[in-house]
Amino acid sequence: MILVTAATGNVGRQVVNGLVAEGRDVRALTRSPETAGLPDGADVVRGGHLDLAVLERSLDGVEAVFLAWPFASAEAAPAVVETIAKHARRVVLLSSIAVRDDVPEQADPIGAFHAALEEPVERSGLEWCFLRPGGFAANTLAWAPGIRAGGTVRDAFGGAAQPLIHERDIADVAVRALTEDGHAGRKYVLTGAEVLTQAEYARTIGDAIGRPVRWTEISREEARERRAAQGIPPSFIDFMLDGYAAMVTEPGPVTTTFQDIMGVPPRTFHTWAADHANDFLKT
Ligand SMILES: NC(=O)c1ccc[n+]([C@@H]2O[C@H](COP(=O)([O-])OP(=O)(O)OC[C@H]3O[C@@H](n4cnc5c(N)ncnc54)[C@H](OP(=O)(O)O)[C@@H]3O)[C@@H](O)[C@H]2O)c1
């Protein structure tokens, strides 16, 4: 049995789908089973993994865990990891490209946050694998209300370029690491293969949904306010905006890790946008 936490999340849902498609026994944790829309083949359990009693119960008979941390603080991570280690043998952690191995202390808040998740996992005695993806293609879903309302994306740093990754690519690697030997102690830095600017990503969404999408550049201050309204922790926002500013002149790095593991190239952003066309179209 494989337990998937945050099972309705961008990545978790695709991990559940991938494992069910392979005929694996999957248990999926969600606080709202009724509306989760998870596949019939999964054993859907109500609750969240920060609730240790729920987690303990959901770990019965579990060998491997997909662990995601969609929370603002890493404080509870040691207790959660300790609970997992009492039952399971293997854990695959959704971490981040922001973690640096070549520095004694992480220099930025996103790296520090994810390092604080990785540390208890490394100490746990579990067989672990870290997935360290770069920016998610799904981050562009934040543009969906503007695109639905009038075909416009209002954001800052339209010239910032990076290789966004499809959540299904992250999930494909997660499924491998959960189900195969040979991934223990590996830290997989995962990115897409195409480096597009933000304005080009917006245009590609337009191509995929068959409607023009325009980029409207806004100030950094307005972009900060919009992100705060989306619930992004304030300590992350300036770091994220600094990152976009830097990627205008120095695009985000591309890795071949996905292709090395899966033997095929990562999905294109056009594929991602076509998979999500309904999110950008008026209902
Ligand atoms: N976005 C990026 O560019 C990026 C880049 C690198 C790494 N990451 C990592 O990826 C993570 C996000 O993954 P994701 O996009 O797959 O997640 P997500 O879509 O944000 O969703 C996570 C799921 O977690 C569950 N959840 C939310 N609050 C919860 C709570 N209090 N207790 C229990 N469950 C809760 C929700 O499920 P239910 O409502 O069904 O319970 C939700 O569907 C980030 O936190 C970060 O660590 C992100």
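These numbers come from a predicted model, not from an experiment. (Residues numbered from 1 in each chain as written. Predicted model: local features only at pLDDT ≥ 70, side-chain atom pairs only at ≥ 80, totals over all residues.)

Asker: Is there a simple way to explain the overall build of the chain in this structure?
Answerer: Counting secondary structure elements, the chain contains 12 helices and 11 strands. Since a compact globule built from 283 residues should have a radius of gyration of about 19 Å, the 19 Å found for the chain is in line with a globular shape. Along the first, second and third principal axes, the C-alpha atoms of the chain reach 50 × 45 × 35 Å. Scored against the burial criterion, the 283 residues of the chain give a buried share of 40%. Within the chain, counting contacts between residues at least 6 apart in sequence, those at least 24 apart form 74% of the total. (Helix = DSSP H or I, 4+ residues; strand = E, 2+ residues; numbered from the N terminus. Rg over C-alpha atoms; globule rule 2.2 N^0.38 Å. Buried ≥ 20, exposed ≤ 12 C-beta atoms within 10 Å, placed from the backbone. Contact = placed C-beta atoms within 7 Å.)

Asker: I'm lost on the site of the ligand in this one. Help?
Answerer: Taken together, 22 residues sit near the ligand, with Ala-6, Gly-9, Thr-30, Arg-31 and Gly-48 positioned nearest. Top element by residues in the shell around the ligand is helix α1 (residues 10-21). It accounts for three residues. In the shell around the ligand, the residues fall into 10 nonpolar, 11 polar and one charged. (Near = placed C-beta within 6 Å. Nonpolar A, V, L, I, M, F, W, Y, C, P; charged D, E, K, R; others polar.)

Asker: What is the right way to look at helix α6 (residues 167-179) in this model?
Answerer: Along an α-helix, residues three or four apart share an orientation, since each turn contains 3.6 residues. With 13 residues, α6 should cover 18 Å at 1.5 Å per step; its first-to-last C-alpha distance of 18 Å lies within 8% of that length. For α6, the buried fraction is high: 11 of the 13 residues fall into the buried class. Taken as a whole, α6 has its buried residues at Glu-167, Arg-168, Asp-169, Ile-170, Ala-171, Asp-172, Val-173, Ala-174, Val-175, Ala-177 and Leu-178. (Expected span 1.5 Å × (residues − 1).)

Asker: Can you help me understand the domain arrangement of the chain in this one?
Answerer: One frequent convention defines the size of an interface as the accessible area lost when the parts assemble. Under the domain assignment, the chain is made up of domain 1 (2-133) and domain 2 (136-164 + 192-253 + 267-283). Here domain 1 and domain 2 have C-alpha centroids that lie 26 Å from each other. Counting from both sides, the interface comprises six residues of domain 1 and, opposite them, six residues of domain 2. (Domains from an automatic or database assignment.)

Asker: How should I be thinking about the environment of Ala-36 in this particular structure?
Answerer: Position of Ala-36 relative to the elements: it lies in the loop between β2 (26-30) and β3 (43-46). Taking C-alpha positions, Ala-36 is 34 Å from Gly-158, a pair spaced 122 residues apart along the chain. Not counting chain neighbours up to four residues away, the residues in contact with Ala-36 comprise Thr-8, Thr-30 and Val-44.

Asker: Can you help me understand unusual backbone geometry in this one?
Answerer: The general pattern is negative phi for most residues beyond glycine and trans for most peptide bonds. Phi angles above zero are rare outside glycine, and Ala-6 is one such case at about 45 degrees. When you line up the elements, Ala-6 lands in the loop between β1 (2-4) and α1. Positive phi values are uncommon outside glycine, yet Phe-157 reaches one of about 60 degrees. With respect to the helices and strands, the residue Phe-157 is situated in the loop between β7 (152-155) and β8 (161-162). Overall, the presence of 20 C-beta atoms within 10 Å leaves Phe-157 in the buried class.

Asker: Where do I start with the nonpolar core in this structure?
Answerer: Membership of the largest hydrophobic core comes to 69 residues, with the highest contact counts inside it found for Val-4, Leu-67, Val-91, Val-92, Leu-93, Leu-131 and Ala-174. If you tally residues by element for this core, the top one is α6, at seven residues. Not counting the four nearest positions on each side in its chain, Leu-93 is found in contact with Leu-67, Leu-117, Glu-118, Val-121, Trp-128, Phe-130 and Leu-131. (Core = buried A, V, L, I, M, F, W, Y, C linked by C-beta atoms within 7 Å.)

Asker: Please clarify how the environment of Ser-96 should be interpreted in this entry.
Answerer: By the element assignment, Ser-96 lies in the loop between β5 (90-94) and α4 (109-123). C-beta crowding within 10 Å serves as the criterion here: with 20 such atoms nearby, Ser-96 is assigned to the buried category. The spatial distance from the C-alpha of Ser-96 to the C-alpha of Phe-113 is 9.3 Å, given a sequence separation of 17 residues. Filtering out sequence-adjacent residues up to four positions away, Ser-96 remains in contact with Ile-110, His-114, Arg-132 and Pro-133.

Asker: What am I meant to see in the sheet that holds strand β6 (residues 127-133) here?
Answerer: Reading across the sheet, the seven strands line up as β3-β2-β1-β4-β5-β6-β9 and stay open at both edges, with parallel pairing between neighbours. Looking at strand neighbours, the two that pair on one side only are β3 and β9 (186-190), the edges of this open sheet. Ignoring which end each strand starts from, the neighbouring axes of this sheet average 20 degrees apart. As paired strands, β1 and strand β4 (residues 64-67) are joined by three bridges and run parallel to one another. (Pairing = 2+ DSSP bridges. Axes fitted to C-alpha atoms, helices over the stretch in contact; angles between N-to-C directions.)

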